[in-house]
Amino acid sequence: MSESQLSCGIVGLPNVGKSTLFNALIKKLAAAASNYPFCTIDPNTGVVDVPDPRLEVLSQLSKSKKILPAYISFVDIAGLVKGASQGEGLGNKFLANIRETDAIIHVVRCFEDDNIIHVAGHIDPLQDIEVINLELILADLQMAENVLQKVEKQAKGKKESPITLATLKKILDHLNKSRPIRALSLTDEEAESIKMYTFLTSKPVIYATNVSESSLPSMENAFVEKVRQHAAKEGNIVVPICAKLEEELASLSPEEGLEYLRSLGLQETGLNRLIKNSFQLLGLITFLTTGEQETRAWTIKKGTKAPQAAGKIHSDLEKGFIRAETISFDDFVKYKSRNAVKEAGKARSEGKDYIVQDGDVILFYHN
C-alpha cells in the first residue's frame, strides 16, 4: 500500500444502494472541485479529501494561499453477483479491480422497499454478506492453489520457500473452512512470506449498512443489529449510512447540507464518517505542515519515525534529516504562530527515533 494512493473498493449486491452512495460521493467531489484538485481516474473511481477541520484553522493562522488535505480514492466495483469467482457477471474484471484496493467497503441493504427488488427476493443482510464473502473466498482458494503449485516447483534450493509453502498450506486449510484470511492468525514471518500475493479476503472490511430515511436519525434497526453482531465476530467496523440522504445532501451547498442534517438530528454526513473510518481502518494518521504557501496534511502509517515522515515530503529530507521541530496542534492554536510557540518553550526538537503523532505540526531541518 502506498500511503499517497490509498483506495477503498465499494462492493455489494445489485440494488443495495452501492451506486447511489458512489454517485453521491462523485457529486460531492465535483462540488468541491474549486477547493481540491478533483480527478476522476476512470468512470468508476473518485478521489476525495479526508475531512480535517485542523487544516482550516492552521491555514488562517499562517495566512496560507492554499490548503491540501490528505485524500483517499473510492472505486465503485461493478459486476459482483453469485458466481463472480467463476466469471459470472463481470466477475474477472471485478476481481482485478478489488485486488488493487487497500480495503473493502461492503454496502449491505438494511431497508425494506417493495419498489426496489432484491436479487434474492427478500431482505437478509447476513445472507448478502455471505454471498460476497463466499465469492471472495472461492477466488482466494483458486489463487492459493495456483501459487502453491508454482512455489512448490521453485522451492528447490530456496531458503525462503519452506515458510512460504507452510503459510500457503495453512491459508488453504483455513479457506476450505469458508473463513476469510483476515480471520487467520499469522506470525510476522508468515505474513511477510505471502506479502506479494494480493489475497482478497486478507483486506480489512467496513460494512456500510444502508438504511432508509425512516431509520433516521439513529440509523439503527433490526437488520443493522444483525450486521453489527456479525462484524463484531470478525473484528470489522460497521458504519450506518442512508445512501438516499447522501444523494440529497450532495445536491445542496455545504451550508444548506449542514442545516438539513441538523434538522434531522444529525451532525455529520455518512460519507464523512465513511472516509474517516476508512482512513483509521488502514492504520493511518496525518502530520501537518503550514506556512504562507500552503497548509497541508501528509499521510503516514502509525508508528512512522521522523526521517521517514520527512521522506513523504521529499526523499532529500529523509536522506539529509537533522531534526524535526515539532509543535502540537493545540499549542499552535493557543499561541497563534510558530515563533510564539518557540518563545513559550513549547516547540520540541525531535531526532531520528521520534515517532510522529497524529496532528503534529512539523518543520523538518536537513542538510
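As the structure is a computational prediction, the values presented were derived from the model and not from experiment. (Residues numbered from 1 in each chain as written. Predicted model: local features only at pLDDT ≥ 70, side-chain atom pairs only at ≥ 80, totals over all residues. Heavy atoms only, no water.)

Chemist: Which residues make up the side chain of threonine 326, and what are the values?
Modeler: Along the polypeptide, threonine 326 turns up in strand 10 (residues 321-327). Taking the relative accessible area as the measure of exposure, threonine 326 reaches 0% and is therefore buried. Within the structure, the side chain of threonine 326 is placed 3.3 Å from the backbone oxygen of alanine 324, a separation counted as a polar contact. Not counting residues up to four positions away in its chain, the partners in contact with threonine 326 are Lys346, Ala347, Arg348, Glu350, Tyr354, Asp360, Val361 and Ile362. (Helix = DSSP H or I, 4+ residues; strand = E, 2+ residues; numbered from the N terminus. Buried < 20%, exposed > 50% of the residue type's maximum accessible area, 1.4 Å probe, protein only. Polar contact = N/O pair within 3.5 Å; in protein donor to acceptor, adjacent residues only side chain to side chain. Contact = heavy atoms within 4.5 Å.)

Chemist: With reference to specific residues and values, describe the nonpolar core.
Modeler: In terms of nonpolar packing, the biggest core is built from 68 residues, with Ile72, Phe74, Ile105 and Tyr207 touching the most fellow members. Looking at this core, the element that brings in the most residues is strand 5 (residues 103-109), giving five residues. Beyond its immediate chain neighbours, meaning those up to four positions away, isoleucine 105 contacts Cys8, Gly9, Ile10, Val11, Phe74, Ile206, Ala208, Leu274 and Ser278. Among the nonpolar cores identified, the runner-up in size contains 18 residues, and Ala155, Leu168, Leu184 and Ile194 belong to it. (Core = buried A, V, L, I, M, F, W, Y, C linked by side-chain atoms within 4.5 Å.)

Chemist: Account for the pattern of salt bridges, with residues named and values stated.
Modeler: As a working rule, side chains carrying opposite charge can pair if their charged atoms are close by. As enumerated under the stated definition, the model contains 14 salt bridges in all. Aspartate 52 is the partner of arginine 54 in a salt bridge, and the nearest nitrogen-oxygen pair spans 2.9 Å. In this pair, the class of arginine 54 matches that of aspartate 52, namely buried. Two residues, lysine 342 and glutamate 325, come together in a salt bridge whose shortest N-O distance is 3.4 Å. You can see lysine 342 sitting in helix 14 (residues 338-343) and its partner glutamate 325 sitting in strand 10, a full 17 residues away along the chain. Assessed through its relative accessible area of 38%, lysine 342 is described here as partly exposed. (Salt bridge = Lys/Arg side-chain N within 4 Å of Asp/Glu carboxyl O.)

Chemist: Tell me about unusual backbone geometry, and name the residues and values.
Modeler: With an omega of 0°, the peptide bond running from leucine 216 to proline 217 counts as cis. Position of proline 217 relative to the elements: it lies in the loop between strand 6 (205-210) and helix 7 (222-234). Positive phi outside glycine occurs at asparagine 15, with the angle close to 65°. Counting through the fold element by element, asparagine 15 comes out in the loop between strand 1 (7-11) and helix 1 (18-31). Look at asparagine 15 and you get partly exposed, because its relative accessible area is 42%. Of note in this structure, lysine 336 is not a glycine but carries a positive phi near 75°. Residue placement: lysine 336 occurs in the loop between helix 13 (329-335) and helix 14.

Chemist: Just give me the short version of the packing of aromatic side chains, but keep the residues and values in it.
Modeler: Overall, the coordinates contain four aromatic pairs when judged by the stated rule. Ring centres 6.4 Å apart and planes at 15° place the aromatic pair phenylalanine 287 and tryptophan 298 in the stacked group. A residue pair is termed long-range when its members are at least 10 positions apart, and phenylalanine 287 in strand 8 (residues 284-290) and tryptophan 298 in strand 9 (residues 294-301) qualify at 11 residues. Residue phenylalanine 287 is classed as buried on the basis of its relative accessible area, which comes to 0%. With a centroid separation of 5.8 Å and an interplanar angle of 90°, the aromatic rings of phenylalanine 287 and phenylalanine 364 are classed as edge-to-face. With phenylalanine 287 in strand 8 and phenylalanine 364 in strand 12 (residues 361-366), this pair connects stretches of sequence that are 77 residues apart. (Phe/Tyr/Trp six-rings, centres within 6.5 Å; stacked < 30°, edge-to-face > 60°.)

Chemist: Talk me through helix 7; I want residue IDs and the actual numbers.
Modeler: Since the α-helix packs 3.6 residues into each turn, any two residues three or four apart lie on the same face. In this model helix 7 runs 19 Å from its N-terminal to its C-terminal C-alpha over 13 residues, within 8% of the 18 Å that 1.5 Å per residue would give. Looking only at helix 7, the buried set comprises Phe223, Val224, Val227 and Ala231. The arc that holds the buried residues of helix 7, viewed along the axis, is 90°, so those residues lie on one side. Exposed and facing more than 90 degrees away from the buried side of helix 7 are Ala222, Ala232 and Lys233. Packed against the buried residues of helix 7 are strand 5, helix 4 (125-154), strand 6 and strand 7 (237-241). One side-chain oxygen at the N-terminal end of helix 7 lies 2.9 Å from the backbone nitrogen of phenylalanine 223; it belongs to asparagine 221. (Expected span 1.5 Å × (residues − 1). Arc of directions from axis to C-beta.)

Chemist: Please provide a residue-by-residue account of the side chain of asparagine 210, values included.
Modeler: Topologically, asparagine 210 is positioned in strand 6. Its relative accessible area of 4% is what places asparagine 210 among the buried residues. Non-local contacts of asparagine 210, meaning those with residues more than four positions away in its chain, are made with Val16, Gly17, Val107, Val108, Arg109, Cys110, Phe111, Ile241, Cys242 and Ala243.

Chemist: Tell me about the sheet that holds strand 7, and name the residues and values.
Modeler: Read from one edge to the other, the open sheet built from six strands follows the order 2-4-1-5-6-7, with strand pairing classed as mixed. Every interior strand has two partners, whereas the edge strands, strand 2 (45-49) and strand 7, have only one. Ignoring which end each strand starts from, the neighbouring axes of this sheet average 25° apart. In the sheet, strand 2 pairs with strand 4 (residues 71-76) via five bridges, with the strands oriented antiparallel. The residue bridging glycine 46 from the neighbouring strand is phenylalanine 74, located in strand 4. In the packing of helix 4 onto the sheet, the strands contacted are strand 1, strand 5 and strand 6, and the crossing angle to strand 5 comes to about 145°. (Pairing = 2+ DSSP bridges. Axes fitted to C-alpha atoms, helices over the stretch in contact; angles between N-to-C directions.)

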